[in-house]
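For reference, the chains in residue letters:
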Amino acid sequence: NFLIVYKKIIKLKPDVIHFHVPELVLVMWLIKFKLGSKIIFDVHENIPLSFIDKEWIPKFVRVAMPKIYSFIEKKLTQNYDGVILAEPSYPKNYKTKVIELLNYPILPKEKSLIKKDFSNEINFVYVGNVTVLRGAFVFINIFNELSKKFSNITLTIVGNFAPIKLKSDLQKYIVANNLSDKVIVTGELPLIEVFNILENSHFGFALLKPIGNYLESLSTKIFDYMVKGVPYIVSDFLIYQKYTIDENTGVVSDFDDIQKSVNIISELLNNRSKLYIMSENGKRLVNSKWNWLKEEKKLYALYESILEN
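Here's what I pulled together on the structure shown here.

1. Points about the overall build of the chain
- Summing up its helical and strand segments, the chain has 13 helices and 10 strands in all.
- Relative to the globule expectation of 19 Å for 309 residues, the C-alpha radius of gyration of the chain, 22 Å, shows essentially globular dimensions.
- A principal-axis box enclosing the C-alpha atoms of the chain has dimensions of 65 × 45 × 30 Å.
- Scored against the burial criterion, the 309 residues of the chain give a buried share of 48%.
- In the chain, the proportion of contacts linking residues at least 24 apart, taken out of those at least 6 apart, comes to 68%.
- Of the roughly 15900 Å² of accessible surface on the chain, a fraction of 58% belongs to carbon and sulfur atoms.
- If you average the places of the 40 positive and of the 33 negative side-chain charges in the chain, the two averages end up 5 Å apart.

2. Some details on the packing of helix α5 (residues 136–149) against helix α11 (residues 258–269)
- Where α5 contacts α11, the two axes come as close as 9 Å, and the packing angle between them is 50 degrees. Judged on the interaxial angle alone, α11 and α5 are oblique. Handedness of the α5/α11 crossing: right-handed. Every residue of α11 that contacts α5 at Val 138, Asn 141, Ile 142, Glu 145, Leu 146 and Lys 149 is listed here: Ile 258, Ser 261, Val 262, Ile 265 and Ser 266.
- A class-by-class count of the residues in the contact of α5 with α11 yields 6 nonpolar, 3 polar and 2 charged.

3. Concerning a nonpolar patch on the surface
- On the surface, a nonpolar cluster with roughly 250 Å² of combined accessible area is contributed by Leu 26, Trp 29 and Leu 30.
- For Trp 29, the location among the structural elements is in helix α2 (residues 25–35).
- With relative accessibility at 31%, the residue Trp 29 sits in the partly exposed group.

4. Notes on the side chain of Thr 156
- You can see Thr 156 is positioned in strand β6 (residues 153–158).
- In this structure Thr 156 touches Phe 124, Val 125, Tyr 126, Ile 184, Thr 186 and Ile 197, once residues within four positions along its chain are discounted.

5. Points about the side chain of Thr 244
- One can find Thr 244 in helix α10 (residues 241–245).
- With a relative accessible area of 0%, Thr 244 lands in the buried category.
- Dropping the residues within four chain positions of it, Thr 244 is found in contact with Tyr 232, Val 234, Thr 249, Gly 250, Val 251 and Val 252.

6. With respect to the sheet that holds strand β2 (residues 38–43)
- Reading across the sheet, the 4 strands line up as β1-β2-β3-β4 and stay open at both edges, with parallel pairing between neighbours. Only two strands of the sheet have a single neighbouring strand rather than two, namely β1 (16–19) and β4 (98–100). In this sheet, adjacent strand axes meet at a mean angle of 15 degrees when their direction is disregarded.
- Pairing of strand β3 (residues 82–85) with β4, which is carried by 3 bridges, proceeds in the parallel orientation. Its bridge partner lying in β4, Val 83 is registered against Val 98.

7. So, the sheet that holds strand β9 (residues 232–235)
- With parallel pairing, the 6 strands of this open sheet are ordered in space as β7-β6-β5-β8-β9-β10. Of all strands in the sheet, those with a lone pairing partner are β7 (183–187) and β10 (251–253), marking the two edges. Geometrically, the sheet is characterised by an average inter-axis angle of 25 degrees between neighbouring strands, direction not taken into account.
- In this structure, strand β5 (residues 122–127) lies alongside strand β8 (residues 203–206), joined through 2 bridges in parallel fashion. Paired with Phe 124 across the strands is Phe 203, a residue of β8.
- Relative to β6, α5 is tilted by about 165 degrees, and along the sheet it contacts β5, β6, β7 and β8.
- The strands that α11 touches are β5, β8, β9 and β10; relative to β10, the one it contacts most, it runs at about 160 degrees.

Calculation criteria
- Residues numbered from 1 in each chain as written.
- Predicted model: local features only at pLDDT ≥ 70, side-chain atom pairs only at ≥ 80, totals over all residues.
- Heavy atoms only, no water.
- Helix = DSSP H or I, 4+ residues; strand = E, 2+ residues; numbered from the N terminus.
- Rg over C-alpha atoms; globule rule 2.2 N^0.38 Å.
- Buried < 20%, exposed > 50% of the residue type's maximum accessible area, 1.4 Å probe, protein only.
- Contact = heavy atoms within 4.5 Å.
- Areas by Shrake-Rupley, 256 points an atom, 1.4 Å probe, with all protein chains shown as cover.
- Lys, Arg positive; Asp, Glu negative; His and termini not counted.
- Charge placed at Lys NZ, Arg CZ, Asp CG, Glu CD.
- Axes fitted to C-alpha atoms, helices over the stretch in contact; angles between N-to-C directions.
- Parallel < 35°, antiparallel > 145°, perpendicular 65-115°, else oblique.
- Left-handed = near helix turned anticlockwise from the far one by under 90°.
- Nonpolar A, V, L, I, M, F, W, Y, C, P; charged D, E, K, R; others polar.
- Patch = residues over 30% accessible without salt bridge, like charges linked within 9 Å, V, L, I, M, F, W, Y side chains within 5 Å.
- Salt bridge = Lys/Arg side-chain N within 4 Å of Asp/Glu carboxyl O.
- Pairing = 2+ DSSP bridges.

Laid out in structure tokens, this is it:
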């Protein structure tokens, strides 16, 4: 309830408010006017484009909403003290202090020093929310086809299912295709356990359906894979040119072309020295520059500049 949020913040009288829920842009504008608090808007997605793919909104409303929201947001955020963009591709609606703060991973205390062995069993992995738009039936179909060609492979699926029914649908597929001894579904796990699984994994799935918001959003799971030296396959969106293709940390493919993805991965399994190179590239890059230690300095600098004024 927006009124409850407003009343609680007014009672607290905070000096700085850092928020990321787009529905609160009006509330924060009112609080700025009322209290004079420093306001930072943390933008985690391409909000205007996200309306296009929300099927529960009537189609005629979805078509109009991106422009309407962009106009309202632009007006309301003009008096904010800072805007943080989690992606460089987000619309430049903002006239205030803008910084790019990418969602790079927090490095675990123990680095992966052991070089992965790709010569024997290959453990595939998917980490993240399990949804149709995030490729649930795409990666299970790819794995099913690969299992017909390669005997010594497994798949571990880690994360929450949305909707819940998707879990039973996926398990029915696993049983129907005789994959029960090859596929493990864990559900959501603590981060330390996720990293333990990734430590023993050899190839990750990160395929996203090419819809408005995903096309310009950087999948954070590819960096989690890289932390543990896991090569991966990701959708062939332009945003991954820099991270995946140019630096040779993984491969890209068409979300809707199962056979193409199967062929790409098969080629790697038949020439595993390429997997080793991708693994080492990923670890090197997250440890040297694609990590939160680099990004948090920008956040501290923003806070300091705001508090000085």
